[in-house]
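Examining the three-dimensional arrangement
These are the residues of each chain, in order.
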Amino acid sequence: KGGAFNAIACLEFLPKNYILHVCGHGEGPAIADFEKQVAACNSRLDRRACVFHGVVSPRILTELLQASDIAINPQSDGENMTTIFPSKLLKYLCHNLRVVTTRIESIANSPFSTLVVFSRSSQPDDFANAVRLVNLSEPFDSVVLLTDLNRKFIKELKFVVEGSK
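Remember, predicted model here, so these are calculated numbers, not experimental data. (Residues numbered from 1 in each chain as written. Predicted model: local features only at pLDDT ≥ 70, side-chain atom pairs only at ≥ 80, totals over all residues. Heavy atoms only, no water.)

Some thoughts on the packing of aromatic side chains
- On inspection of all chains with the given rule, the structure shows 2 aromatic pairs.
- When the ring of Phe 34 is compared with that of Phe 52, the centres are 5.1 Å apart and the planes differ by 75°; the resulting orientation is edge-to-face. You can see Phe 34 sitting in helix α2 (residues 28–45) and its partner Phe 52 sitting in strand β2 (residues 50–54), a full 18 residues away along the chain.
- Ring pairs connect the aromatic residues Phe 5, Phe 34 and Phe 52, which therefore count as one cluster.
- Lying across the ring of Phe 118, Arg 103 places its NZ or CZ 4.2 Å from the centre. (Phe/Tyr/Trp six-rings, centres within 6.5 Å; stacked < 30°, edge-to-face > 60°. Helix = DSSP H or I, 4+ residues; strand = E, 2+ residues; numbered from the N terminus. Lys NZ or Arg CZ within 6 Å of the ring centre and 35° of its normal.)

This is the structure:
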């Protein structure tokens, strides 16, 4: 919850070459408030640091992801941090993006944990520090692990299905 608002707050602590693209939907008042936050952030930083696209088609989302280097998931700390699993992380990893996320138990305990960078906390400065830790010059291929996990899943599912006959 609150990830998009947290993402805007992180921009205050990132170098000028970082641009945040936000896609998605929400309730009317929340979207209006978010758009105000985007405008205020861009004004404060005196640049177009944040772009809100709203709801986009799958094709446009793919284009945005392919043009990105890092995907972020800056969720607010709270009770749900032990039970949620944001499936968008898998979408990001399938696009071979480096992912920075707030520590969420389901991610930390998943096979994907080695592919993401965890922030120390959900505070904007901590999250921005985690983003800055991402080394874009290091080789990275999340698709290899995802492909291996998919093969393993299919093999285990086949065993379960055939074993129940």
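Here we look at unusual backbone geometry
- Positive phi outside glycine occurs at Asp 46, with the angle close to 55°.
- Mapping Asp 46 onto the fold places it in the loop between α2 and β2.
- With phi around 60°, Asn 96 is a residue other than glycine that occupies positive phi space.
- Relative to the helices and strands, Asn 96 is located in the loop between α4 (88–94) and β4 (98–102).

Looking at helix α1 (residues 3–10)
- Residues of α1 that are buried include every one of Gly 3, Asn 6, Ala 7, Ile 8 and Cys 10, and no others.
- Where the residues of α1 are buried, they touch β1 (20–23), α2, β2, β3 (70–73) and α6 (124–133). (Buried < 20%, exposed > 50% of the residue type's maximum accessible area, 1.4 Å probe, protein only. Contact = heavy atoms within 4.5 Å.)

Considerations on the nonpolar core
- Ile 8, Leu 11, Leu 20, Cys 50, Ile 72, Val 100 and Val 131 are the most contacted members of the largest nonpolar core, which has 20 residues in total.
- Where this core is concerned, the elements lending two or more residues are α1, β1, α2, β3 and α6.
- It is α6 that contributes the most residues to this core, 4 residues altogether.
- Those residues in contact with Cys 50 that sit more than four places away from it in its chain are Ile 8, Leu 11, Leu 20, Val 22, Val 38 and Asn 42.
- Counting 14 residues, the second largest nonpolar core, distinct from the first, contains Leu 65, Leu 89, Ile 107 and Val 116. (Core = buried A, V, L, I, M, F, W, Y, C linked by side-chain atoms within 4.5 Å.)

Some details on the layout of surface pockets
- What the largest pocket holds in volume is close to 1,500 Å³.
- Along its surface, the largest pocket is lined by 44 residues, and His 21, Val 22, Cys 23, Ile 72 and Tyr 92 are the ones closest to its centre.
- At the level of secondary structure, the elements contributing two or more residues to the lining of the largest pocket comprise α1, β1, α2, β2, α3 (58–66), β3, α4 and α6.
- The leading source of residues in the lining of the largest pocket is α1, at 5 residues.
- Its residues assigned to classes, the lining of the largest pocket comprises 29 nonpolar, 10 polar and 5 charged. (1 Å grid on protein atoms, 1.4 Å probe; cavity = no way out; pocket = protein on both sides within 12 Å on 5 of 7 lines; lining within 4 Å. Points joined across faces, edges and corners; volume = space filled by probe spheres on them. Nonpolar A, V, L, I, M, F, W, Y, C, P; charged D, E, K, R; others polar.)

Notes on the side chain of Ser 142
- Here Ser 142 shows up in helix α7 (residues 142–163).
- The exposure class of Ser 142 is buried, given its relative accessible area of 0%.

A short note on the environment of Tyr 18
- With respect to the helices and strands, the residue Tyr 18 is situated in the loop between α1 and β1.
- Contacts of Tyr 18, omitting those with residues within four sequence positions, involve Leu 11, Arg 47, Ala 49, Ile 70, Val 131 and Arg 132.

A word on the pattern of salt bridges
- Summed over the entire model, instances satisfying the criterion amount to 4 salt bridges.
- A salt bridge links Arg 44 to Glu 12; the shortest N-O distance between them is 2.5 Å. Within this pair, whereas Arg 44 is found in helix α2, its partner Glu 12 is found in the loop between α1 and β1, the two being separated by 32 residues in sequence.
- Residue class for Glu 12 comes out partly exposed when judged on its relative accessible area of 35%.
- Across the pair Arg 151 and Asp 148 runs a salt bridge, and its minimum N-O distance is 3.4 Å. In this pair, Arg 151 and Asp 148 both sit in helix α7, 3 residues apart, roughly one turn of the helix. (Salt bridge = Lys/Arg side-chain N within 4 Å of Asp/Glu carboxyl O.)

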